Amino acid sequence: MLHVGTARVPVREIAAVEPYVAEGWVERGVRVRTADGSLVTIVRDVDLAPLADPTYDGLNLMADVWWTHALARVLADALGGRPIVDCT
């Protein structure tokens, strides 16, 4: 069982682990997708830098989201080798 706050997700129902960046690059995090297509956010970060800094670009974003990919790999392994679906 995966415990996320008050939510409980049976591991057998987890289809994939997803590092993600939301539209506008402001929100990024890691979530799991269940077999029925539901998304459960594990952790997220909101950073307003992409909105406030006109020089913020893809290189900045890559540096700011490295942790989502690292966490997704560890979580996928801990969940028995679930696949990682990147940025959907």
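Use the structure listed above.
Figured I'd write up the structure that's included with this text. (Residues numbered from 1 in each chain as written. Predicted model: local features only at pLDDT ≥ 70, side-chain atom pairs only at ≥ 80, totals over all residues. Heavy atoms only, no water.)

### Some words on unusual backbone geometry
Phase 1 of the analysis: One non-glycine residue, Trp 25, lies in positive phi territory at about 65 degrees.
Phase 2 of the analysis: Looking at where Trp 25 falls in the secondary structure, it is placed in the loop between strand S3 (14-21) and strand S4 (27-34).
Phase 3 of the analysis: Looking at Trp 25, the relative accessible area reads 33%, which means it is partly exposed. (Helix = DSSP H or I, 4+ residues; strand = E, 2+ residues; numbered from the N terminus. Buried < 20%, exposed > 50% of the residue type's maximum accessible area, 1.4 Å probe, protein only.)

### Some remarks on the packing of aromatic side chains
Phase 1 of the analysis: This model, assessed by the stated rule, comprises one aromatic pair.
Phase 2 of the analysis: Measuring from centroid to centroid gives 6.1 Å for Trp 25 and Tyr 56, while their planes differ by 55 degrees, and the two rings are tilted. Of this pair, Trp 25 sits in the loop between S3 and S4 while Tyr 56 sits in the loop between helix H1 (49-52) and helix H2 (58-78), and the two are 31 residues apart along the sequence.
Phase 3 of the analysis: Between the NZ or CZ atom of Arg 31 and the centre of the ring of Tyr 20, over which it lies, the distance is 4.3 Å. (Phe/Tyr/Trp six-rings, centres within 6.5 Å; stacked < 30°, edge-to-face > 60°. Lys NZ or Arg CZ within 6 Å of the ring centre and 35° of its normal.)

### Considering the environment of Leu 39
Phase 1 of the analysis: Its location among the elements puts Leu 39 in strand S5 (residues 39-46).
Phase 2 of the analysis: Taking relative accessible area as the criterion, Leu 39 reaches 40% and is therefore assigned partly exposed.
Phase 3 of the analysis: Once the C-alpha coordinates of Leu 39 and Val 17 are considered, the two residues, 22 residues apart in sequence, prove to be 9.6 Å apart.
Phase 4 of the analysis: Those residues within four positions of Leu 39 in sequence are excluded, and the remaining contacts are Glu 18, Arg 31, Val 32 and Arg 33. (Contact = heavy atoms within 4.5 Å.)

### Some details on the pairing of S5
Phase 1 of the analysis: Relative to S5, S4 runs antiparallel, the two sharing seven bridges. From the neighbouring strand, Val 32 faces S5, where its bridge partner is Val 40.
Phase 2 of the analysis: Linking S4 to S5, which pair antiparallel, is a turn of four residues; within it Gly 37 sits at a positive phi near 95 degrees. (Pairing = 2+ DSSP bridges.)

### As for the side chain of Thr 68
Phase 1 of the analysis: Of note, Thr 68 is situated in helix H2.
Phase 2 of the analysis: Among all residues touching Thr 68, those that are not within four sequence positions of it are Pro 19, Arg 28, Gly 29 and Val 30.

### Section: the pattern of salt bridges
Phase 1 of the analysis: According to the stated counting rule, one finds five salt bridges in the structure shown.
Phase 2 of the analysis: Across the pair Asp 64 and Arg 28 runs a salt bridge, and its minimum N-O distance is 4.0 Å. Remark: Arg 28 occurs in strand S4 and Asp 64 occurs in helix H2; sequence separation between them is 36 residues.
Phase 3 of the analysis: Classification of Asp 64 by relative accessible area gives partly exposed; the value is 26%.
Phase 4 of the analysis: With relative accessibility at 1%, the residue Arg 28 sits in the buried group. (Salt bridge = Lys/Arg side-chain N within 4 Å of Asp/Glu carboxyl O.)

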